[in-house]
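# An overview of the molecular structure
Residue strings, one per chain:
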Amino acid sequence: MKKKMTKTRILLFLILAVGLSFTQNASATASPCQGWYNTSYPYRLALTVSSTMVSSTQANFPFLVSTTSASLAFTDFTGGHMGTSTANDLVVTGYDGVTKLNHEIEQYTSSTGQIILFAKSPLLTSTSTICLYYGSSTASNQQAATSTWNDYYLNVFHLATTSPNGMFWDSAKAVNATKVGTSTASSTGQIDGAHWATSNANGSGGATYTTTTATSTSFWINHTTSTTRGPLVAAPLGNTNANGGFYYEPSTSKLTYQQQNTVFLRTGSVVATSTWVKFDATYFGSTMSFYLNGVFASSSAFGAGRKFSLFGKDGTTNLYGGAIDEIRFASSILSASYIKTAYNNESNPIAFWGTGTEDPLPNSCSTFADDTTIGAFGWLNHANASTSDNVYATADSLIDTPSYYFKATNCGFSVPAGSTINGIKVEIEKKKSNAFTNISDNSVLISKGGTLSGTEHSVSEEWGLTDTYSTYGSPTDLWGLSWTADDINSTGFGMGISIIDDAVPGTASIDHIRMTVTYTAAAAAASSTLVSSQQVIFID
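What comes next is a walk through the structure. All values derive from a computational prediction rather than experimental measurement.

### Some points on unusual backbone geometry
Even without glycine at this site, Ala87 takes up a positive phi of about 65 degrees. With a phi close to 65 degrees, Asn390 is a non-glycine residue in the positive phi region. Within the secondary structure, Asn390 is located in the loop between β26 (367-371) and β27 (393-396).

### Notes on the pairing of strand β9 (residues 129-134)
Burial analysis of β9 places 6 of its 6 residues in the buried class, the great majority of the element. Side chains Thr129, Cys131 and Tyr133 of β9 all project onto a buried face; the interleaved residues Ile130, Leu132 and Tyr134 project onto the opposite face, where all are buried too. With 6 bridges connecting them, strand β3 (residues 43-48) and β9 associate as antiparallel partners. Paired with Ala46 across the strands is Cys131, a residue of β9. Pairing between strand β5 (residues 91-93) and β9: 3 bridges, direction antiparallel. If you follow Val91 over to β9, its bridge partner there is Tyr133.

### Side note on the environment of Ser140
Among the secondary structure elements, Ser140 is positioned in the loop between β9 and α1 (145-148). As for Ser140 and Asn88, which are separated by 52 residues in sequence, their C-alpha atoms are 6.8 Å apart. The contact partners of Ser140, leaving out residues within four places of it in the chain, are Asn88 and Asp89.

### A few points about the pattern of salt bridges
The tally for this structure, following the rule as stated, stands at 8 salt bridges. Where Asp487 meets Lys448, a salt bridge forms, and the shortest distance between an N and an O atom there is 3.9 Å. Of this pair, Asp487 sits in helix α4 (residues 485-489) while Lys448 is found in strand β30 (residues 440-448), placing the two residues 39 residues apart along the sequence. Lys448 sits in the partly exposed class, given a relative accessible area of 26%. Several salt bridges share partner residues, and in doing so they unite Glu326, Arg328 and Glu346 into one network.

### Looking at empty space enclosed by the protein
By rolling a water-sized probe across the atoms, one finds the places where empty space is left. Enumeration over the complete set of coordinates arrives at 2 cavities of 30 Å³ or more. Here the largest cavity is characterised by a volume of approximately 50 Å³. Looking at the largest cavity, the residues that line it are Tyr153, Ser218, Lys278, Asp280, Arg328, Leu334, Tyr338, Ile339, Ala342 and Glu346. The set of elements that each furnish at least two residues to the lining of the largest cavity consists of β20 (276-284) and α2 (336-347). Top contributing element to the lining of the largest cavity by residue count: α2, with 4 residues. Looking at the lining of the largest cavity residue by residue, the class counts come to 5 nonpolar, 1 polar and 4 charged.

### Re the nonpolar core
In this structure, Phe63, Leu90, Ile115, Leu117, Ile130, Tyr153 and Trp353 are the most contacted members of the largest nonpolar core, which totals 41 residues. It is strand β8 (residues 114-124) that contributes the most residues to this core, 6 residues altogether. Leave out the neighbours within four places in its chain, and Ile115 touches Val65, Ser66, Thr67, Leu72, Ala87, Leu90, Ile105, Gln107 and Tyr108.

### Description of the layout of surface pockets
For the second largest pocket, the calculated volume is near 300 Å³. Along the wall of the second largest pocket there are 17 residues; nearest its centre are Gly94, Tyr95, Leu123, Ser128 and Thr129. Of all elements in the fold, only β8 and β9 reach the threshold of two or more residues within the lining of the second largest pocket. Looking at the lining of the second largest pocket, the element that brings in the most residues is β8, giving 3 residues. The residue inventory of the lining of the second largest pocket, partitioned by class, reads 6 nonpolar, 9 polar and 2 charged.

Definitions and cut-offs
- Residue positions are counted from 1 within each chain, in the order its sequence is given.
- Since the coordinates come from a predicted model, pLDDT governs what is reported: local features require at least 70, and pairs of side-chain atoms require 80 or more to be given and counted, while whole-chain, interface and lining totals use all residues.
- To get the side-chain values, take all heavy atoms of the structure and skip hydrogens and water.
- Elements are defined by DSSP. Helices are runs of H or I of four residues or more, strands are runs of E of two residues or more, and each kind is numbered from the N terminus.
- Here's how the labels work: a residue is buried when its accessible area is under 20% of the maximum for its type, exposed when over 50%, partly exposed in between, all with a 1.4 Å probe on protein chains only.
- In this analysis, strands are considered paired if DSSP registers two or more bridges between them.
- Residue contacts follow a heavy-atom distance rule, with two residues in contact if any of their heavy atoms lie within 4.5 Å.
- In the sections that follow, a salt bridge refers to a side-chain nitrogen of Lys or Arg positioned within 4 Å of a carboxyl oxygen of Asp or Glu.
- Grid points spaced at 1 Å over the protein atoms alone were grouped into cavities, where a 1.4 Å probe fits but cannot get out, and pockets, open sets with protein on both sides within 12 Å along at least five of seven lines, with lining residues defined by an atom within 4 Å of a point.
- Grid points are joined across faces, edges and corners, and a volume is the space filled by probe spheres set on the points.
- For this scheme, ten residues count as nonpolar: Ala, Val, Leu, Ile, Met, Phe, Trp, Tyr, Cys and Pro. Four count as charged, namely Asp, Glu, Lys and Arg, and the remainder, Gly too, count as polar.
- Put simply, buried Ala, Val, Leu, Ile, Met, Phe, Trp, Tyr and Cys residues joined by side-chain atoms within 4.5 Å make one nonpolar core.

Shape descriptors only; they carry no functional weight alone.
Next up, the structure:
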């Protein structure tokens, strides 16, 4: 079955150790990313959104990635491939693998590969893929915090205890808040750190924000205990619009919007205690709407609004009995689908994006030719298959007549002597010229010692109209043959593909071919010794 694949780098790390498994040239599984951002980056991680997590397509959506992977650790640590100890070399791109997305890192642990970051997607869909590139020790800081957030965000307070810019740093406009009283911070927030407001601790400042215009407010709370009217976001005493804001109401265990001690709107349901809950509020015209955990909760119409510039405490002695995380003010109405998608993303970022698969940077094979053991017509411009650049090796089909094999070999593998070969995977980026032709695989075989043989791996489905990677074999598929390291390292190792067409003649185009060899190194006396590094890949 065809799968959309991407370029792969074959970085061979020869580590002399007992029973270690390796993958050379390409990743162990297919990556949905396409081109490669920059060859100074030897690794990337592809993440694809879970289709149920995006309620509808979102434009310019700031999304969260929160994951831990040994490969994302700094290179000083075992298995780590991050090029800098701060992860400043990290680049985030869209599915094309090339278009850079603005991002900011909220937290990074160099020893474990834990990373928490936000990036902005120009168009987030239920099938979106992002690509994280890393491993460049010479790259400058690639972050662009304020550009990660849309212009309508007035403030974005992550309240991260490990933030290099401080807990009250504003990522949206750099209009920072300040501490009032003794600030209490915790590392147990919903996303990273949190602001615990059980004493005189609170934040103050930021952009002027008022509900008299189209606005949206969002934050996470973890309510513990409070016997007073606890302010979440409020105005200081002496403000022209004093004591207006979002409060926790102990008598009902609900969140409210209040003005001058008068409640105008409550959430329809109580707020659970000792757990993180996401709250969103939108205001437009004269109507305010509440959302809890991404679901509409209540709405009400009322008049003039209030300005907000405090969180955790208002201008009186009122204190909120709990924690607050990720406070955001926006001068725009966020849609219900936006709010739901943001909740899905922030409540479970692993389920939203998955854990992904690391790809090494791909190289190309160097020898391409027709193999006439089958077929009646050949291929043109074989050398165009050396890179994925939309310049093609082609063959014009004949009805019900197979083509010669397009064979790619001499790919520069260097599997250590004595290794056990576990599997071979081939990925071909290909397309057909028009919708009327029925071009499909006639035969796909492996090349051993220059001879095409082994188990037939062709599939019957037609080629698509756009470049799409199709996968043949797997990390555990030996193609029906026995293999040694010398077989893989031979200039005659490779693959071949023949096409057939049973309808209107058309043109078959191959843009790129890559191969993956998975092996287990032989036992050796030395251990954890890096001997060399190498790469490989194939045809265009």
